[in-house]
Amino acid sequence: MPKSRIRKKADYTPPPSKQTTAIKLNSRSWVAPVMLAMFLIGLAWIVVFYVTDGSLPIDSLGNWNIVVGFGFIAAGFGVSTQWK
């Protein structure tokens, strides 16, 4: 049986050196801190409402303070959709 031809491989050429890149303006580094801040603000709002028997954070809102707390938490989830 005849022997197969051996293909000559190309010489190795290293990849070009990387140049410094500018800071991307569409960086999403702000997402995680804002998301966590929204979660914590919402949690703190609800906890303060329950601990003070409804007199804080805003007395005139009454039980709507719970909705405000969950609104902050929902906004945190909304911000989390921007995380890549």
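It should be emphasised that the depicted structure is a prediction, and the values quoted were computed from it without experimental measurement. (Residues numbered from 1 in each chain as written. Predicted model: local features only at pLDDT ≥ 70, side-chain atom pairs only at ≥ 80, totals over all residues. Heavy atoms only, no water.)

## Considerations on the overall build of the protein
- A tally of regular secondary structure across the protein gives two helices and zero strands.
- For 84 residues, the compact-globule formula gives about 12 Å, and the C-alpha radius of gyration of the protein, at 28 Å, lies well above that figure.
- Partitioning the intrachain contacts of the protein with sequence separation of at least 6 by distance along the chain shows that 60% fall at a separation of at least 24.
- When the accessible surface of the protein is totalled, it reaches about 7,700 Å², and 66% of it is carbon and sulfur. (Helix = DSSP H or I, 4+ residues; strand = E, 2+ residues; numbered from the N terminus. Rg over C-alpha atoms; globule rule 2.2 N^0.38 Å. Contact = heavy atoms within 4.5 Å. Areas by Shrake-Rupley, 256 points an atom, 1.4 Å probe, with all protein chains shown as cover.)

## Things to note about the UniProt feature "transmembrane region" (unreviewed entry) in the protein
- Mapped onto this numbering, the UniProt entry annotates "transmembrane region" (unreviewed entry) at residues 30-52 and 64-83.
- Taken end to end, residues 64-83 has its terminal C-alpha atoms 30 Å apart, with 85% of it in helix and 0% in strand. (UniProt positions renumbered as here; feature names shortened; annotations may be inferred.)

## Points about a nonpolar patch on the surface
- On the surface, Leu40, Leu43, Val47 and Val51 cluster together into a nonpolar patch covering about 400 Å² of accessible area.
- Relative to the helices and strands, valine 47 is located in helix H1 (residues 31-51).
- Overall, valine 47 belongs to the partly exposed group, its relative accessible area being 43%. (Patch = residues over 30% accessible without salt bridge, like charges linked within 9 Å, V, L, I, M, F, W, Y side chains within 5 Å. Salt bridge = Lys/Arg side-chain N within 4 Å of Asp/Glu carboxyl O. Buried < 20%, exposed > 50% of the residue type's maximum accessible area, 1.4 Å probe, protein only.)

## A word on H1
- Under the 1.5 Å per step criterion, the end-to-end length of H1 is 30 Å for 21 residues, consistent within 8% with the ideal 30 Å.
- For H1, every residue scored as buried is listed here: Val31, Met35, Gly42, Trp45, Ile46 and Phe49. Along the long axis of H1, the arc covered by the buried residues comes to 95°, so they all point the same way. Structural note: H1 exposes Leu40 and Val51 on the side pointing more than 90 degrees away from its buried face. (Expected span 1.5 Å × (residues − 1). Arc of directions from axis to C-beta.)

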